[in-house]
Amino acid sequence: MDGFIEAFIAAQAAQDAYVAALPQWVQLWMYWMLAVLGLGSLVFSFFRSEARWLLLSFVVTIIATMALGMSVGWNKLWGVTHLIFWTPVVVLFIRRWGQIDKKSVYGVWFVAALATMIVSLMFDAKDLAEYLMGV
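Everything in this summary refers to the structure shown in the same document. (Residues numbered from 1 in each chain as written. Predicted model: local features only at pLDDT ≥ 70, side-chain atom pairs only at ≥ 80, totals over all residues. Heavy atoms only, no water.)

### Details of the layout of surface pockets
Put simply, the test is: Grid points spaced at 1 Å over the protein atoms alone were grouped into cavities, where a 1.4 Å probe fits but cannot get out, and pockets, open sets with protein on both sides within 12 Å along at least five of seven lines, with lining residues defined by an atom within 4 Å of a point. Grid points are joined across faces, edges and corners, and a volume is the space filled by probe spheres set on the points. Starting at the N terminus, helices and strands are each numbered in turn, a helix being any DSSP run of H or I of at least four residues and a strand any DSSP run of E of at least two. The residue classification treats Ala, Val, Leu, Ile, Met, Phe, Trp, Tyr, Cys and Pro as nonpolar and Asp, Glu, Lys and Arg as charged. All others, Gly included, are polar.
Taken as a whole, the largest pocket encloses approximately 930 Å³ of empty space. V19, M30, M33, W78 and H82 are, among the 32 residues lining the largest pocket, the residues nearest its centre. Every element with two or more residues in the lining of the largest pocket is listed here: α1 (2–21), α2 (24–44), α3 (49–72), α4 (80–96) and α5 (105–133). If one sorts the elements of the lining of the largest pocket by residue count, α2 sits on top with eight residues. Looking at side-chain class alone, the lining of the largest pocket contains 18 nonpolar, nine polar and five charged residues.

### Some thoughts on α3
Let me state the cut-off plainly: To estimate the expected span of a helix, subtract one from its residue number and multiply by 1.5 Å. Only protein chains enter the accessibility calculation, which uses a 1.4 Å probe; a residue whose area is less than 20% of its type maximum is buried, one above 50% is exposed, and one in between is partly exposed.
Compared with the 34 Å implied by 1.5 Å per residue over 24 residues, the 34 Å span of α3 between its first and last C-alpha is a close match. All of the buried residues in α3 are E50, A51, L54, L55, S57, F58, T61, A64, T65, M66, L68 and G69.

Here is the structure:
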């Protein structure tokens with residue numbers, strides 16, 4: 001158990017260093033995702049199933065990302081966990097699009113969350129392609 005805790009602490013420090021080296025706009029984007037996808041899904045999860053699915057995928061993504069970082073280090077492969085766990089949520093949100101009142105507080109969050117996931121997935125797909133090509 002001590003070995004795992006040491007590896008986890010080392011991985012967290014490596015992740016912090018990786019994030020600190022990213023451009024400022026990427027760091028701000030990460031804060032935006034945390035607010036909209038993390039905090040927003042937590043708040044709305046008490047009322048809506050779409051938010052519960054997003055919250056579950058968000059938490060699983062955090063765990064999977066840390067496991068990936070501990071396994072292969074921090075690099076452009078990081079976003080593959082978003083591709084795996086957020087894509088089904090994007091599909092769910094698109095399917096529920098017509099059932100959501102976009103003028104409600106929930107609807108505004110729903111649109112912001114869907115747009116945030118789609119933009120993130122585009123960046124993640126680009127990063128994965130670059131990783132696989134060795135760029």
